[in-house]
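Spelled out, the chains give:
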Amino acid sequence: FFGLTLISIATVATNVLLMTERRDAHPSTAAHHRNHQRHRTKRRHRQLGKDGGDPDHRQQLYHQQLLNSRYARYHLEYASNMKNGTNFLKPTDSIYRVDFASPFVLERHRLVFFTVPKAACTVFKQLFRRMQGHTNWHKQNNDLPHKQQFNGLRLLRDYSLDVASEMLTNNTWTRAIFLRDPRERLLSAYLDKGKKPNLINKWCCPETNDCGGVSAKSFKGFLTEVIPRCLNDHWALQSRRMEPKFYYSLNFIGYIETAAEDTRQLLVEMGQRNGNGNGEALWDTYCSSGWGKGKKDHIFQRINSIRHGTSSNDKLKQYYNSPEILRQTAQMLRLDLEHPLFQFSSVDLDASTKL
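Our subject in this report is the structure included herewith. (Residues numbered from 1 in each chain as written. Predicted model: local features only at pLDDT ≥ 70, side-chain atom pairs only at ≥ 80, totals over all residues. Heavy atoms only, no water.)

## Observations regarding the overall build of the protein
Phase 1 of the analysis: For the protein, the helix and strand inventory stands at 18 helices and five strands.
Phase 2 of the analysis: The buried share of the protein, reckoned over its 355 residues, is 55%.
Phase 3 of the analysis: Here the protein has roughly 15,700 Å² of accessible surface; of this, 49% comes from carbon and sulfur atoms. (Helix = DSSP H or I, 4+ residues; strand = E, 2+ residues; numbered from the N terminus. Buried < 20%, exposed > 50% of the residue type's maximum accessible area, 1.4 Å probe, protein only. Areas by Shrake-Rupley, 256 points an atom, 1.4 Å probe, with all protein chains shown as cover.)

Right, dumping it as structure tokens:
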């Protein structure tokens, strides 16, 4: 099923991406949504041990969830590598073989971070550049912060196989990923990419140029004419971000829906694991200010202001506007929605249809 060693780099794009998060999108007031979001965040934090001190407890809980799922069969490979001291990472694994699949490494902070397109990957790359001392960390253009030859960031594949494998198994290293609600992420990909006919023609039907117009015309056209025929990391499943065995190595999963809180928690736990204990100082230095047009915002203030208003929920309802589209996208996103580590909840986008 995940035969990444036998397929082309183009196909790897399918297997590399999207992890997301579901939340209850209540159709009432913004205040109700904020209260609900706080309640849901607390529930997840209790479940994953965020309130409880020992960050290693989180990975133990992740393992329990994986062992109670179809991912249990990959535990043997993980346990065998840990016991025998053999390399957990193989040269044929996508996260070591392909640039866009390889996670970022902040060696000084002992952090391995798996970015996900359409899940604040631009912001996280800017943050990592800022933490690495790049004075132009805030710059966004055709080269920065995404192109590897310009951003100055290191990837896991830049290290020897032995060293990279140690990063994925040593308890003093934090291995993190941030996910986004699958419906929001899919819609974001459509609004940002799918409504540009020339871009879609170039990416998805360069010989016929017959899919861009259909995609730009409607969300339904994008779902029926583009996604089935076009592999792209902007809308590929988050559950295919990496080979299944690497989910056993993760010890932090955050969510864009609670990005500021989760980023702060990530830095705190990172400091606990690597022995520096400097997570709060890192937040104060790199995240609490300096962002936004006036450089006075915290790192995710703009995202929070958008999501806490009614526009986000209204936008979802505008495009997920029929039982047919709801059923179609539920099937498309099924592997994300059913992943044992992803804390998604039911979203009521329509009074008669629930995803």
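## Focus on the packing of aromatic side chains
Phase 1 of the analysis: Counted under the stated rule, the structure contains 22 aromatic pairs.
Phase 2 of the analysis: With a centroid separation of 6.4 Å and an interplanar angle of 50°, the aromatic rings of Trp 203 and Trp 235 are classed as tilted. Highlighted residues: Trp 203 in helix α10 (residues 197-204) and Trp 235 in the loop between α12 (219-226) and β5 (252-255), separated in sequence by 32 residues.
Phase 3 of the analysis: Since its relative accessible area comes to 7%, Trp 235 is described here as buried.
Phase 4 of the analysis: By the ring-pair criterion, three or more aromatic residues cluster together here, those being Phe 104, Phe 113, Phe 124, Phe 128, Phe 178, Phe 252 and Phe 300.
Phase 5 of the analysis: Between Arg 154 and the ring centre of Tyr 159, over which it is positioned, the NZ or CZ distance is 4.2 Å.
Phase 6 of the analysis: Sitting over the face of the ring of Phe 88, Lys 245 holds its NZ or CZ atom 5.5 Å from the ring centroid. (Phe/Tyr/Trp six-rings, centres within 6.5 Å; stacked < 30°, edge-to-face > 60°. Lys NZ or Arg CZ within 6 Å of the ring centre and 35° of its normal.)

## Side note on the nonpolar core
Phase 1 of the analysis: Judged by nonpolar contacts, the single largest core of 60 residues is most densely connected at Phe 124, Leu 127, Phe 128 and Met 131.
Phase 2 of the analysis: Those residues in contact with Leu 127 that sit more than four places away from it in its chain are Thr 263, Tyr 286, Cys 287, Trp 291 and Ile 299.
Phase 3 of the analysis: Judged by nonpolar contacts, the second largest core, of 20 residues, contains Leu 187, Phe 219, Val 226 and Ile 227. (Core = buried A, V, L, I, M, F, W, Y, C linked by side-chain atoms within 4.5 Å. Contact = heavy atoms within 4.5 Å.)

## Details of the packing of α12 against helix α17 (residues 323-332)
A pair of packed helices can be characterised by two numbers: the angle between their axes and the separation between those axes.
Phase 1 of the analysis: Where α12 contacts α17, the axes come no closer than 11 Å and their chain directions differ by 40°. One way to sum up the angle between α12 and α17 is to call them oblique. As α12 packs across α17, the resulting crossing turns out to be left-handed. Residues Phe 219, Lys 220, Leu 223 and Thr 224 of α12 form the contact with α17, whose participating residues are Glu 324, Ile 325, Gln 328, Thr 329 and Met 332.
Phase 2 of the analysis: Grouping the amino acids of the contact of α12 with α17 by side-chain chemistry returns four nonpolar, three polar and two charged. (Axes fitted to C-alpha atoms, helices over the stretch in contact; angles between N-to-C directions. Parallel < 35°, antiparallel > 145°, perpendicular 65-115°, else oblique. Left-handed = near helix turned anticlockwise from the far one by under 90°. Nonpolar A, V, L, I, M, F, W, Y, C, P; charged D, E, K, R; others polar.)

## Observations concerning the packing of helix α13 (residues 259-274) against helix α14 (residues 279-287)
Phase 1 of the analysis: At their nearest, the axes of α13 and α14 sit 7 Å apart, and the two run at 135° to each other. It follows that α13 is oblique to α14 by the angle criterion. The interaxial crossing formed by α13 with α14 has right-handed handedness. Residues Ala 260, Thr 263, Arg 264, Leu 267, Val 268 and Met 270 of α13 pack against Gly 279, Glu 280, Leu 282, Trp 283, Asp 284 and Cys 287 of α14.
Phase 2 of the analysis: Grouping the amino acids of the contact of α13 with α14 by side-chain chemistry returns seven nonpolar, two polar and three charged.

## What about the sheet that holds strand β4 (residues 174-179)?
Phase 1 of the analysis: Taking strand neighbours across the sheet as the criterion, the five strands line up as β3-β1-β2-β4-β5 in an open arrangement whose pairing is mixed. Each edge of the open sheet carries a strand with a single partner, namely β3 (154-155) and β5.
Phase 2 of the analysis: Sheet topology note: the strand β1 (residues 104-106)/β3 ladder contains two bridges and is antiparallel. Opposite Phe 104, over in β3, you have Leu 155 as the bridge partner.
Phase 3 of the analysis: Each of β1, β2 (111-114) and β4 touches helix α6 (residues 121-131); the most contacted strand, β1, lies at about 30° to it. (Pairing = 2+ DSSP bridges.)

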